[in-house]
Amino acid sequence: METILSYLENMFLHLPRTPEVLRAKEELATMMEDKYNELIAEGKRENEAVGIVISEFGNLEELSEELGLGDLEQTKEEDTPVKRVSRGEAKEYISVTLKSIRWIGLGVMLCIWSPIPLVILGTLDKLSMFTEVQYVCYGLVPLFVMIGIAVALFIYHGMRLERFEYLKKESIEIEFSLEKQLRQMDEGERTSFTIKIIVGVMLCIFAVLQLLVIGSIYQTGMAGGFSAAVLLLVVGVAVYLMISGSGKRECFKVLLQEGEFTRKGKKINKIIDIVAGIYWPIVTVVYLAWSFTTMDWGFTWIVWPIAGVLFGCTAAVVQAVTGGTES
Amino acid sequence: MVGSDVMRGYNDFMILFLLLEEDSYGYEISRQIKQISEGKYIMKETTLYSAFTRLEKEGYIEAYYGTETNGKRRTYYRITKEGREFYRAKCEEWELVKEIVGKFVKM
């Protein structure tokens, strides 16, 4: 059966991945599989069955009109080179990402948790029981240790994932059978992904609610402070859940070139990368120039949120313009 | 064995015939064509698929997903009212073709 699928894969290698083409490929694969299974059931040997199925496949030229490809020869010329990703490479990418994404999630959780000791100390300090040294020991030291560990995790796992960056940026291609397998896995994974995200969101809502409720009941005293610590604790767990939960789906999306990782999306991302390379340095210069001339640091930070929003707009415009001209 | 060139105009016709009785799917149709023609005509997979898309575009058949059997989702096809009308017209056409070409046959 592998032979048949890889034969089909090769036939479709240079065709654009339009929905029509993908559907045709799937239908043809099913027909060939049915025929193969029946031949085997009839008692044919495997080689014989494969030979018959392939010899009765026909000719793709016949489908060019139905698939809206016009002249097949013309569409073979792709403007960007396509990189083939082997099964082993894909599997490795998935396993490394799954491992790393958990550690990165843990790092983010540590960052969120890092101020907790300080918050608790600050709350207890209403009883004025701490010296400055104790503050540093029990508050700041854990803060920096946690952030230190987190940064180490980010750097180490960021580097491990870096060699797979090309999967996200270049046009890739995977074996048909692998694609099918991944789609099935993706389908199966969807429920657990959704559950993790829902639990994450619920935890966040709970965290904020308990702060609001406790804050309004005990307007003074230590309850508010502890409640803030609980908020950080719960949000940390929620964020970890959401990050680790989305890792698998992201892998599938990257390998199947879906969502923001379609070939078109990759082209757009490249343009946005270039724009970002010019945009952010300019924003930084504006920020520094404005801040140093007015020395109004307490106000000039407003540049960043505004720049962020504007960048989002720019990216959307780029997407609309490039997406519009290509279709 | 008949070459696909000769049969070109009648692929759609044969598929519609098979769908008159009941809905069916890709391989089943190709198997029945082989069986009914006593192995004298084997429709290639690409020919079959191209006929499906063409017939669907014309509105003569409709595709739908059948129930899953052991994890596999199959596309089934059903004939439409227009499809039945088209089939009848093709039958009449065939009688005419047979009559005309028959006049030139000498064995």
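Before reading on, note that the structure itself is shown above.
This report concerns the structure included in the present document.

Each value, and the rule that gives it
Residue numbers here run from 1 along each chain, matching the order of that chain's written sequence. Chain letters start at A and ligand numbers start at 1, both assigned in the order the entries are written. Reporting in this predicted model follows two pLDDT cut-offs: at least 70 for local features of residues, and 80 or more for side-chain atom pairs to be given and counted; totals over whole chains, interfaces and linings ignore these cut-offs and use all residues. Side-chain metrics in this entry use all non-hydrogen atoms of the structure; hydrogen atoms and water are not considered. What counts as a helix is a DSSP run of H or I of at least four residues, what counts as a strand is a run of E of at least two, and both are numbered from the N terminus. With the radius of gyration taken over C-alpha atoms, the globule rule is written as 2.2 Å times the number of residues to the power 0.38. A simple rule labels every residue: compare its accessible area, found with a 1.4 Å probe on the protein chains alone, to the largest value its type can have, and call it buried under 20%, exposed over 50%, or partly exposed in between. What sets the accessible areas is the Shrake-Rupley method with a 1.4 Å probe; for residues, cover comes only from the shown protein chains. Here, residues are in contact when the closest pair of their heavy atoms is within 4.5 Å. For the purpose of charge, His is not counted, nor are the chain termini; Lys and Arg are scored as positive and Asp and Glu as negative. Think of each charge as sitting on NZ of Lys, CZ of Arg, CG of Asp or CD of Glu. We treat two strands as partners when DSSP finds at least two bridges between them. By nonpolar core we mean a set of buried residues, namely Ala, Val, Leu, Ile, Met, Phe, Trp, Tyr and Cys, connected to one another through side-chain atoms within 4.5 Å. A 1.4 Å probe defines the accessible area here, and the buried area is the portion of it lost by two parts on being joined, summed over both. What counts as a salt bridge is simple: a side-chain nitrogen of Lys or Arg found within 4 Å of a carboxyl oxygen of Asp or Glu. What qualifies as a polar contact is a pair of N or O atoms within 3.5 Å, subject to a donor-acceptor requirement within protein and to the restriction that residues adjacent in sequence count only when both atoms come from side chains. Note on residue classes: Ala, Val, Leu, Ile, Met, Phe, Trp, Tyr, Cys and Pro are nonpolar, Asp, Glu, Lys and Arg are charged, and everything else, Gly too, is polar. Each residue after the first adds 1.5 Å to the expected span of a helix. For this quantity, the arc is that covered by the directions from the helix axis to the C-beta atoms.

## Overview of the overall build of chain A
At step 1: Secondary structure summary: chain A contains 13 helices and two strands in total.
At step 2: By the compact-globule yardstick of 20 Å for 327 residues, chain A is too spread out, its C-alpha radius of gyration being 28 Å.
At step 3: Its C-alpha atoms put chain A at 85 × 50 × 35 Å along the principal axes.
At step 4: Within chain A, buried positions represent 35% of all 327 residues.
At step 5: Here chain A displays about 18,100 Å² of accessible surface, and carbon together with sulfur accounts for 67% of that area.

## A short note on the overall build of chain B
At step 1: A tally of regular secondary structure across chain B gives five helices and three strands.
At step 2: The order of helices and strands in chain B, counted from the N terminus, is α-α-β-α-α-β-β-α.
At step 3: Seen through its C-alpha atoms, chain B measures out along the principal axes to roughly 55 × 30 × 20 Å.
At step 4: Each of the 107 residues in chain B was classed as buried or not, and the buried ones make up 40%.
At step 5: The contacts of chain B with a sequence gap of at least 6 include a subset with a gap of at least 24, amounting to 51%.
At step 6: Accessible surface for chain B amounts to roughly 6,700 Å². Of this, 53% is attributable to carbon and sulfur atoms.
At step 7: Of the side chains in chain B, 18 bear a positive and 18 a negative charge, and the two mean positions are spaced by 5 Å.

## Considering the sheet that holds strand S1 (residues 24-25) of chain B
All names here are of chain B.
At step 1: Across the sheet, which stays open at both edges, the three strands sit in the order S1-S3-S2 with antiparallel pairing between neighbours. The open sheet is flanked by S1 and strand S2 (61-65), the only strands paired with a single partner.
At step 2: Note: S1 against strand S3 (residues 75-79), two bridges, orientation antiparallel. Bridging from a neighbouring strand, Tyr-25 pairs with Tyr-76 of S3.

## Topic: the nonpolar core
At step 1: Counting 43 residues, the largest nonpolar core has Leu-8, Phe-12 and Leu-28 of chain A together with Ile-15, Ile-29 and Phe-52 of chain B as its most contacted members.
At step 2: Broken down by secondary-structure element, the contributors of at least two residues to this core are helix H1 (2-11), helix H2 (19-41) and helix H3 (46-55) of chain A together with helix H2 (11-21), helix H3 (26-36), helix H4 (45-58) and S3 of chain B.
At step 3: Beyond its immediate chain neighbours, meaning those up to four positions away, Phe-52 of chain B contacts Met-31 of chain A together with Ile-15, Gly-26, Ile-29, Ile-61 and Tyr-77 of chain B.
At step 4: Counting residues in each nonpolar core, the second largest holds 21 residues, with Ile-104, Leu-161, Leu-167 and Cys-251 of chain A among its members.

## Details of the interface of chain A and chain B
At step 1: Every contact between the two is made by 26 residues of chain A and, on the other side, 25 residues of chain B.
At step 2: Counting the surface lost from both chain A and chain B, the interface buries some 2,100 Å², and carbon and sulfur atoms represent 50% of this.
At step 3: If you sort the residues of chain A by the area they bury against chain B, Arg-23, Met-31 and Glu-66 of chain A come out on top, with a joint share of 29%.
At step 4: Counting across the interface, chain A meets chain B through three salt bridges.
At step 5: Here Asp-34 of chain A ties to Arg-74 of chain B by a salt bridge, and the two come within 2.6 Å at their closest N and O atoms.
At step 6: The tally of links between chain A and chain B comes to ten residue pairs in polar contact (both at pLDDT 80 or more).
At step 7: Of the residues assigned to the side of chain A that touches chain B, the class counts are nine nonpolar, six polar and eleven charged.

## Digging into H2 of chain A
At step 1: With 23 residues, H2 of chain A should reach 33 Å at 1.5 Å per residue; the first-to-last C-alpha distance of 33 Å fits that figure.
At step 2: Looking one or two residues beyond H2 of chain A, the residue adopting positive phi is Gly-43 of chain A, at roughly 100 degrees.

## Details of helix H5 (residues 81-102) of chain B
Residue and element names in this part refer to chain B.
At step 1: With 22 residues, H5 should reach 32 Å at 1.5 Å per residue; the first-to-last C-alpha distance of 31 Å fits that figure.
At step 2: Among the residues of H5, Gly-83, Tyr-87 and Lys-90 are the ones counted as buried. Within H5, the buried residues cover an arc of 60 degrees as seen down the axis, which keeps them to one side. Of the exposed residues in H5, those oriented more than 90 degrees away from the buried face are Lys-81, Arg-88 and Glu-92.
At step 3: Contacts made by the buried residues of H5 are with H2 and S3.

## Thoughts on unusual backbone geometry
All names here are of chain A.
At step 1: Notably, Gln-257 is not glycine yet its phi reads approximately 55 degrees, a positive angle.
At step 2: Note that Gln-257 resides in the loop between helix H10 (223-256) and helix H11 (263-294).
At step 3: Gln-257 gets classed as buried once you look at its relative accessible area, which sits at 7%.
At step 4: The phi dihedral of Met-295 is positive, around 55 degrees, even though this residue is not glycine.
At step 5: Its place among the elements puts Met-295 in the loop between H11 and helix H12 (297-300).
At step 6: Look at Met-295 and you get exposed, because its relative accessible area is 52%.

## A short note on the pattern of salt bridges
At step 1: Counted under the stated rule, the structure contains 22 salt bridges over all chains.
At step 2: We note a salt bridge from Asp-186 of chain A to Arg-190 of chain A, for which the minimum N-O separation is 3.1 Å. Residue Asp-186 of chain A and its partner Arg-190 of chain A are both found in helix H9 (residues 176-217); the two are separated by four residues, about one turn of the helix.
At step 3: When salt bridges that share partners are traced, they join Lys-35 and Glu-56 of chain A together with Glu-45 of chain B into one network.

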